[in-house]
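Residues per chain are reported as follows:
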Amino acid sequence: MTFLITCPNCGPREALEFVFGGETRLRAGPGSTDGELAAYLFFRRNVNGWQTERWVHQSGCRKWFLAERHTMSNEVRRTYRPHGAAPA
């Protein structure tokens, strides 16, 4: 099953052109404990609902962006470049 994702640079494309980069979350900082680092590296929330994720348009512009996607229906309600990203 495929669905449409709107690349902020290239416009709407089939999901087959993109590579999933995982859910977004805060990184473990330099002062983190071993447990906090392990949780950051290995544990995911695995929500059933809306989640902000990283995607890369591998078959197009090769730029990373963020997408808000519903994990059950694959509906994408918004895509955007991360804050501080260079313009396309």
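Here is what the cut-offs are and how they apply
- Residues numbered from 1 in each chain as written.
- Predicted model: local features only at pLDDT ≥ 70, side-chain atom pairs only at ≥ 80, totals over all residues.
- Heavy atoms only, no water.
- Disulfide = S-S within 2.5 Å.
- Helix = DSSP H or I, 4+ residues; strand = E, 2+ residues; numbered from the N terminus.
- Polar contact = N/O pair within 3.5 Å; in protein donor to acceptor, adjacent residues only side chain to side chain.
- Contact = heavy atoms within 4.5 Å.
- Buried < 20%, exposed > 50% of the residue type's maximum accessible area, 1.4 Å probe, protein only.
- Pairing = 2+ DSSP bridges.
- Axes fitted to C-alpha atoms, helices over the stretch in contact; angles between N-to-C directions.

J.: Would you take a moment to explain the state of the cysteines for this structure?
T.: In a disulfide, the sulfur atoms of two cysteines are held together by a covalent bond. Scanning all chains against the criterion turns up zero disulfides. No disulfide involves Cys 10; its nearest neighbouring cysteine sulfur is the one of Cys 61, lying 3.8 Å away. Free cysteine Cys 61: the closest other cysteine sulfur is in Cys 7, separated by 3.6 Å.

J.: Is there a simple way to think about the side chain of Thr 79 in this case?
T.: Relative to the elements of secondary structure, Thr 79 occurs in strand β6 (residues 76–80). At 2.5 Å, the side chain of Thr 79 and the backbone oxygen of Thr 6 are in polar contact. Beyond its immediate stretch of four places on either side in the chain, Thr 79 contacts Ile 5, Thr 6, Pro 8, Phe 65, Leu 66 and Ala 67.

J.: Explanation requested: the environment of Arg 78 in the structure shown.
T.: Turning to its location among the elements, Arg 78 is positioned in strand β6. Owing to a relative accessible area of 42%, Arg 78 belongs among the partly exposed residues under this scheme. Separated by 71 residues in the primary sequence, Arg 78 and Cys 7 have C-alpha atoms spaced 9.8 Å apart. With residues near it in sequence (within four places) discarded, Arg 78 still touches Leu 66, Ala 67 and Glu 68.

J.: Whenever I open this one, the sheet that holds strand β4 (residues 50–56) confuses me. Can you help?
T.: Backbone hydrogen bonds hold the strands of a sheet together, and the pairing may be parallel or antiparallel. Judged by pairing direction, the sheet is antiparallel, and its four strands sit side by side in the order β3-β4-β5-β6 without closing on themselves. Each edge of the open sheet carries a strand with a single partner, namely β3 (19–23) and β6. Across the sheet, the mean angle separating the axes of adjacent strands is 30° when strand polarity is ignored. Pairing of β4 with strand β5 (residues 64–70) involves seven bridges; the strand directions are antiparallel. When the bridges of β5 are listed, Thr 52 appears paired with Glu 68.

Note that every value here comes from positions in space, so none of it alone points to a role or purpose.
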